[in-house]
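Okay, here's what each chain looks like letter by letter:
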Amino acid sequence: MQTETTVAVSGEATVAIAPAPQATIAMTPAQCPICAQTNPPGEQYCIECGFLLSSAAPEATEPMGAYPKLRDSVGREYLLKAGENIIGRDPSSDVLISDGTVSRRHACIVIEENHAYIQDLGSTNGTRLNGEPVGAERVPLPPNAELQFGGVVMTLELPEGFETPAVAAEVAPPLAYLVGVNDPSLRFPLYPRPQRIGRRAGNDIVIPDAYVSGQHAVIEIVGADVRITDLGSTNGTFIGETKITPNLPTTVPPDALLTLGKTQFRIEWALAETAASDEEPLVETEPHAEAQAEATPTDEA
């Protein structure tokens, strides 16, 4: 609204029009129509799913229950995408957990169609599923599973229609273990079937060593022997001081030192089951394996 003011100038009346006062625009939080996240005032994109808040909502959106997700102890939700979801303290993680007991690359949840799996990525303080330790092998996830990453507990919520795959031969105990010489926490079960070894999530055995290739080797128990096949890795596979020929299965002699990248292992055959001490103190994660991740990587992404 404008205001007229009459002013006399040299005997003539002059009408001055004062500008209207500017209206104050109140900034209010915006709710995302896709994931229902409440965003702070002024945000252009949803802080949870990245949707452009000024855009029109799609005509048909899937209900929230259609997305697998993790929920932490304070109720914060982390949506899980199809494929691999890296969980850890590294800023590039799909599920970022800023806790000192969580490794930079701690674990991986894989969503495949209507199935979910989890595997540990060689973390310092370990991963647990409903109280049971999870190793480098993929483990099927049931609905409402309680997952523990270091000292952080989360609940898995799966939409209707997800199934828990039957666990196959892994219900049988492992026949041997691949054990780190300098880091006994690197302890991977070996079964009578081929198991892929590499740096990338998705291998049966994930080694957090920058000098290990994404897909480095295959190891298998055949009868009373352990055989390993290098898959043309960048830095090679060594038995003792000898570099093995790529793509040729090679028997690992008893007590031999096996080197992949810069990490050394020995084969430890399984004996009668002994009760393992369940409770170990959690430690702050930084040194050793995670420091290696900062080293010069192989030529593979």
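Bear in mind that the values here come from a model prediction, so they are computed numbers and not experimental data.

## A few points about unusual backbone geometry
One non-glycine residue with positive phi stands out, namely Asn144, at about 60°. Position of Asn144 among the secondary structure elements: in the loop between β13 (139–140) and β14 (146–149). Residue Asn144 is classed as exposed on the basis of its relative accessible area, which comes to 61%.

## A short note on the side chain of His106
Topologically, His106 is positioned in the loop between β8 (95–96) and β9 (107–112). Take His106: its relative accessible area is 0%, and that puts it in the buried class. Among the polar contacts made by the side chain of His106, one reaches the main-chain amide nitrogen of Gly150 at a distance of 3.5 Å. In contact with His106, other than residues within four places in its own chain, are Ile87, Gly88, Thr101, Asp120, Leu121, Ser123, Gly126, Thr127, Phe149 and Gly150.

## What to know about the environment of Leu80
Summarising the element assignment, Leu80 is placed in the loop between β6 (77–79) and β7 (83–88). When the C-alpha positions of Leu80 and Lys69 are compared, they lie 5.2 Å apart, and in sequence the two are 11 residues distant.

## With respect to the side chain of Ser123
Examined against the element boundaries, Ser123 turns out to sit in the loop between β10 (115–120) and β11 (127–129). Using a relative accessible area of 8% as the deciding quantity, one classes Ser123 as buried. A polar contact of 2.6 Å, which involves the side chain of Ser123, links it to the side chain of Asp120. Looking at Ser123, its side chain comes within polar contact range of the main-chain nitrogen of Gly126, at 3.0 Å. Discounting residues that sit within four places of it in the chain, Ser123 has contacts with Ser103 and His106.

## Some words on the confidence of the model for the chain
Looking at the chain, the pLDDT average stands at 79 and 74% of residues meet or exceed 70. Counting interchain partners and residues more than four positions distant, the pLDDT-below-50 stretch residues 272–278 has one contact. With pLDDT under 50 throughout, residues 287–296 is counted as low confidence; its partners more than four residues away or in other chains account for 17 contacts.

## Side note on the environment of Ile47
With respect to the helices, strands and loops of the structure, Ile47 is situated in the loop between β4 (38–39) and β5 (69–71). Given the relative accessible area of 46%, Ile47 is considered partly exposed. The sequence separation of Ile47 and Gln37 amounts to 10 residues, and the corresponding C-alpha distance is 7.7 Å.

## Some points on the packing of aromatic side chains
Throughout the structure, instances matching the rule amount to one aromatic pair. Between Phe188 and Phe265 the ring centres are 6.4 Å apart and the planes differ by 55°, which places this aromatic pair in the tilted class. Residue Phe188 is found in strand β17 (residues 187–190), and its partner Phe265 is found in strand β26 (residues 263–269); the two are separated by 77 residues along the sequence. Here Phe188 matches Phe265 in class, with each residue buried. Directly above the ring of Tyr117 sits Arg138, whose terminal nitrogen or CZ lies 5.4 Å from the centroid. The ring of Tyr177 carries Arg187 above its face, with NZ or CZ at 4.1 Å from the centroid.

## Digging into the sheet that holds β26
Spatially, the six strands line up as an open sheet ordered β17-β16-β26-β25-β22-β23, and their pairing is antiparallel. The sheet is open, and its two borders are formed by β17 and β23 (242–243), each paired with just one other strand. Direction of pairing for strand β22 (residues 237–239) relative to strand β25 (residues 258–260): antiparallel, over a ladder of three bridges. By the bridge assignment for β25, Ile239 is matched with Leu258.

## Digging into the sheet that holds β10
Spatially, five strands are ordered β8-β7-β9-β10-β13 in an open sheet, and the strand pairing comes out mixed. Looking along the sheet, the strands with just one partner apiece sit at the ends: β8 and β13. In this structure, β9 lies alongside β10, joined through six bridges in antiparallel fashion. Bridge pairing in β10 links Cys108 to Gln119.

So, how was this worked out
Residues numbered from 1 in each chain as written. Predicted model: local features only at pLDDT ≥ 70, side-chain atom pairs only at ≥ 80, totals over all residues. Heavy atoms only, no water. Helix = DSSP H or I, 4+ residues; strand = E, 2+ residues; numbered from the N terminus. Buried < 20%, exposed > 50% of the residue type's maximum accessible area, 1.4 Å probe, protein only. Polar contact = N/O pair within 3.5 Å; in protein donor to acceptor, adjacent residues only side chain to side chain. Contact = heavy atoms within 4.5 Å. pLDDT = per-residue confidence, 0-100. Phe/Tyr/Trp six-rings, centres within 6.5 Å; stacked < 30°, edge-to-face > 60°. Lys NZ or Arg CZ within 6 Å of the ring centre and 35° of its normal. Pairing = 2+ DSSP bridges.

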